[in-house]
Amino acid sequence: MGERGKEITAEKAEKVVESLRAMFAYEWLEIYYFLTASWRMTDFAGKRVAKFFREEGLQDLKSVEKIAKRILELGGELPLNFDEVVSIASQHYPHNLPERDNTIGHLEQILKFERQEIAFLQSLCSETFGKDDVSFMLFSELLQDEVGDEHKWQQLLKKEGG
Ligand SMILES: [Fe+2]
Ligand SMILES: [Fe+2]
């Protein structure tokens, strides 16, 4: 990062890096759950929903990449092994996926996960607002995506009879 870029974030960079790393871990776990769920959901109703899970898992890969770039830009480090990712994210993620043919259960779990994510991103936005504009923009972009996703899952759950 250039001099001026550093100047505008220097004081609070450490705290912001910590938040970015939490979000980084969160997104990775989300990718894991979305894709694993999509591969397991093979019955008729499951297949209908699985493609949306897969889409979102792949979409989140883009988010995780943006977060990684910002962490490195701020002079932070990415978790160097997956245990660290799991331990950072463990407060947030659901511990087990539902039974394979429980499509409603999958949707309910993902919806819960998205809602936690929205609350978490909201707190990261407030934390960085007026302090680190670049990270703030990133968190608010992610927040906007997740708000849209929540709506989508809610609609899908209703459509599937949940
Ligand atoms: Fe996400
Ligand atoms: Fe999400």
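Residues numbered from 1 in each chain as written. Chains lettered and ligands numbered in written order. Predicted model: local features only at pLDDT ≥ 70, side-chain atom pairs only at ≥ 80, totals over all residues.

A. Inspection of the overall build of the chain at higher detail. The secondary structure content of the chain amounts to six helices and zero strands. Overall, the chain shows an N-to-C arrangement of helices and strands of α-α-α-α-α-α. Relative to the globule expectation of 15 Å for 162 residues, the C-alpha radius of gyration of the chain, 17 Å, shows essentially globular dimensions. The C-alpha extent of the chain, read off along each of the three principal axes, is 55 × 30 × 20 Å. Residues classed as buried in the chain amount to 30% of the 162 residues present. Once local pairs closer than 6 in sequence are excluded, the contacts in the chain between residues at least 24 apart make up 74%. (Helix = DSSP H or I, 4+ residues; strand = E, 2+ residues; numbered from the N terminus. Rg over C-alpha atoms; globule rule 2.2 N^0.38 Å. Buried ≥ 20, exposed ≤ 12 C-beta atoms within 10 Å, placed from the backbone. Contact = placed C-beta atoms within 7 Å.)

B. View of the packing of helix α3 (residues 44–73) against helix α5 (residues 103–128). Contact pair α3 / α5: the axes reach a minimum separation of 9 Å and the direction vectors enclose 30°. Comparing the axis directions of α3 and α5 gives the class roughly parallel. From α3, Ala45, Gly46 and Val49 reach across to α5, where they touch Thr103, His106 and Leu107. (Axes fitted to C-alpha atoms, helices over the stretch in contact; angles between N-to-C directions. Parallel < 35°, antiparallel > 145°, perpendicular 65-115°, else oblique.)

C. Quick look at the environment of Lys47. With respect to the secondary-structure elements, Lys47 resides in helix α3. Assessed through the 12 C-beta atoms surrounding it within 10 Å, Lys47 is described here as exposed. Considered as a pair, Lys47 and Glu108 are 61 residues apart in the sequence and their alpha carbons are 16 Å apart. Look past the residues within four positions of Lys47 in its chain and what remains in contact with it is Met41 and Thr42.

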